[in-house]
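Spelled out, the chains give:
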Amino acid sequence: MLALRLTRAARPAVQLRRLLVAGASAGTGFLLLSSLGYALHHPEAPDAAALHLAWCAVPLAATVHLALAVARTDPGTRPRPGLSAVGLGPARLMAVSALTTALSCTLGSLLALLVFLHLRGDLRGLPFDGAAADFLAADLPLPAPAALTLLALLPATATATVALALRPRDPRPVSRGPRVSGRFGTFGGTPARETFGAYGRFGARSGGRSGRKATAGAEGRPGRRPAGGGGAATTAVQAEDGANAPEPPVPDAVPAALDPARTPVGLPWGIALVTAGLAAQAYAGRPATVPAPAVLLGWLLTGTGLVLAAPGLVHLCGLLLQCTRPGALRLLAGRVLMTEAGRIGRPLGVVCAVACAGYAMTVLHHGPASAFGPLSAVGALVVAGSAVATLLTAAVEARQCRAGTTAALLRLGAPATVLRGAAALRAAALLALFGPLTLGIAALSALPLAR
């Protein structure tokens, strides 16, 4: 009930993102049901039916990625002070996010089932003069267990992914020292070094509170020596106690994940995977009818390499913006790009990989995108739409994360035109870097297929 109330009370922008998840789920569910219809209509070709089902993994992954990005930007399930007192701790908010994702994906799957049954003629006659009856197996009964299993695949996968990604984590770093043997056979961490006479000092076993009180009281009275020893010996003992006292940890000024000086480590691996993928496609050459396994492997390696290398390229783009005596505008735009390289880099890499694969598929089919079949068009629309929507959602998440910094700049007197100019400069810099890069990799990917 709480998830339903949060879903109903959300703002229109949040509802629009959830509707995008439902639409992508509907397209993916329809593709899964269409693969079932193809298997029913062609029982003599199980390999082709399995290939149709395997191609559905791409829109499935794109939809799950979109659902995760939408769950991250949901303001209703964001941890806020005071929510734990009413029973809404991090674990409960994670459960609400997962349940909201399950509701959106289930709505899309039900919509896909209604459209599929309508096109088959199970609800009211055959639409479009029965044009869709061939690949949907309209003349055969639909097995309900298989259909429900395929429809439940996407909601279950998206819910599990959101629950795993948004699970509560301890922000404190785990530091485990070597296990050493203490007194009387006990085990513990690295013990503090004890000096001579530590057992003899009063209050040493109770954390040193009484000993410090006595020492502080003795030092507070002028002209008196502390009881229990000479001045030089007492001063040496106090200095040694101060050296052995544990120092309080100093918090980092910037978290490690948002540190602009931290360079993403995936750039060399991404370049290596892109090179290996292009080499695999060049070695495979042009397939006869369907892409060969080597071509599919090359596409997979190239796409994975783009996703891995994109955060490093965004970080590099931010560095280039700050070169040669930057002003306030370039400095602000570059620092924001360096800080948010990990957040917006991977969705941007996914968009580049989808664009490269789409161009290569267009060259493979000897014509424009209109030469594709209806199911191919639905799949391409789901994958491309989910990738672009995920990138826009990541941009919204980045804007939410730097809302405090933006408010501080406005309080300091920074004009709003400077902030808008910095946003436009970031977009132009990313387009100038990733546009030619995507076109070049797409042309190299399609070059073996065009021979």
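## Overview of the overall build of the protein
Here is step 1 of the chain: What the protein contains, in helices and strands, is 15 helices and 2 strands.
Here is step 2 of the chain: Expressed as a percentage of the 451 residues in the protein, the buried residues total 33%.
Here is step 3 of the chain: Accessible surface, the protein as shown: approximately 26300 Å² in total, 68% of it carbon and sulfur.

## Observations regarding the nonpolar core
Here is step 1 of the chain: Counting residues in hydrophobic clusters, the biggest one holds 23 residues, and the most contacted among them are L306, V314, L337, I344, L430 and F434.
Here is step 2 of the chain: Setting aside residues up to four positions removed in sequence, V314 forms contacts with L337, A341, I344, G345, L348, L430 and F434.
Here is step 3 of the chain: Counting residues in each nonpolar core, the second largest holds 15 residues, with L31, L33, C56 and A112 among its members.

## A word on the packing of helix α2 (residues 12–41) against helix α3 (residues 46–55)
Helices that pack against each other are described as a pair by the angle of their axes relative to one another and the distance between those axes.
Here is step 1 of the chain: Packing of α2 against α3 brings their axes to within 9 Å, and their N-to-C directions diverge by 180°. When the axis of α2 is compared with that of α3, the two are roughly antiparallel. Together, L32, S35, Y38 and A39 of α2 and A48, A49, H52 and L53 of α3 make up the contact between the two elements.
Here is step 2 of the chain: Class assignment of the residues belonging to the contact of α2 with α3 gives a composition of 6 nonpolar, 2 polar and no charged.

## Thoughts on the pattern of salt bridges
Here is step 1 of the chain: Enumeration over the complete set of coordinates arrives at 3 salt bridges.
Here is step 2 of the chain: Taking the shortest distance from any N to any O, the salt bridge between E397 and R343 comes out at 3.9 Å. You can see E397 sitting in helix α13 (residues 374–401) and its partner R343 sitting in helix α12 (residues 341–364), a full 54 residues away along the chain.
Here is step 3 of the chain: Classification of R343 as partly exposed rests on a relative accessible area of 22%.

## Examining unusual backbone geometry
Here is step 1 of the chain: Notably, T324 is not glycine yet its phi reads approximately 55°, a positive angle.
Here is step 2 of the chain: Position of T324 among the secondary structure elements: in the loop between α10 (293–321) and α11 (328–339).

## Quick word on the packing of aromatic side chains
Here is step 1 of the chain: The tally for this structure, following the rule as stated, stands at 1 aromatic pair.
Here is step 2 of the chain: Ring geometry for F30 versus F116: centroids 6.2 Å apart, planes at 70°, classification edge-to-face. Here F30, found in helix α2, pairs with F116, found in helix α5 (residues 90–120); they are 86 residues apart in sequence, far enough to count as distant. Like F116, F30 is buried.

## Brief notes about helix α4 (residues 57–72)
Here is step 1 of the chain: Taking 1.5 Å as the rise per residue, α4 with 16 residues should run 22 Å; its terminal C-alpha atoms sit 23 Å apart, in good agreement.
Here is step 2 of the chain: What α4 keeps buried is the set P59, L60, A62, T63, V64, L66, A67, L68, A69, V70 and A71.

## Some thoughts on the confidence of the model for the protein
Here is step 1 of the chain: Across the protein, the average pLDDT comes to 76, with 67% of residues at or above 70.
Here is step 2 of the chain: Overall, residues 207–257 carries pLDDT values under 50, and its contacts beyond four positions in sequence, including any with other chains, amount to 25 contacts.

## A word on the packing of α4 against α13
Here is step 1 of the chain: Packing of α4 against α13 leaves a shortest axis separation of 9 Å and a crossing angle of 20°. With respect to each other, α4 and α13 are oriented roughly parallel. Between α4 and α13 the crossing geometry is left-handed. Across the interface between the two elements, V58, P59, A62, T63, H65, L66, A69, V70 and R72 from α4 touch V382, V383, S386, A389, T390, T393 and E397 from α13.

## Quick look at the environment of A427
Here is step 1 of the chain: Residue position: A427 is located in helix α15 (residues 416–446).
Here is step 2 of the chain: Linking A427 and L337, residues 90 residues apart in sequence, is a C-alpha distance of 9.8 Å.

## Points about a nonpolar patch on the surface
Here is step 1 of the chain: Together, L51, W55, V58 and L296 line one region of the surface with nonpolar side chains, adding up to about 310 Å² of accessible area.
Here is step 2 of the chain: With respect to the element layout, L51 can be found in helix α3.

Definitions and cut-offs
- Residues numbered from 1 in each chain as written.
- Predicted model: local features only at pLDDT ≥ 70, side-chain atom pairs only at ≥ 80, totals over all residues.
- Heavy atoms only, no water.
- Helix = DSSP H or I, 4+ residues; strand = E, 2+ residues; numbered from the N terminus.
- Buried < 20%, exposed > 50% of the residue type's maximum accessible area, 1.4 Å probe, protein only.
- Areas by Shrake-Rupley, 256 points an atom, 1.4 Å probe, with all protein chains shown as cover.
- Core = buried A, V, L, I, M, F, W, Y, C linked by side-chain atoms within 4.5 Å.
- Contact = heavy atoms within 4.5 Å.
- Axes fitted to C-alpha atoms, helices over the stretch in contact; angles between N-to-C directions.
- Parallel < 35°, antiparallel > 145°, perpendicular 65-115°, else oblique.
- Nonpolar A, V, L, I, M, F, W, Y, C, P; charged D, E, K, R; others polar.
- Salt bridge = Lys/Arg side-chain N within 4 Å of Asp/Glu carboxyl O.
- Phe/Tyr/Trp six-rings, centres within 6.5 Å; stacked < 30°, edge-to-face > 60°.
- Expected span 1.5 Å × (residues − 1).
- pLDDT = per-residue confidence, 0-100.
- Left-handed = near helix turned anticlockwise from the far one by under 90°.
- Patch = residues over 30% accessible without salt bridge, like charges linked within 9 Å, V, L, I, M, F, W, Y side chains within 5 Å.

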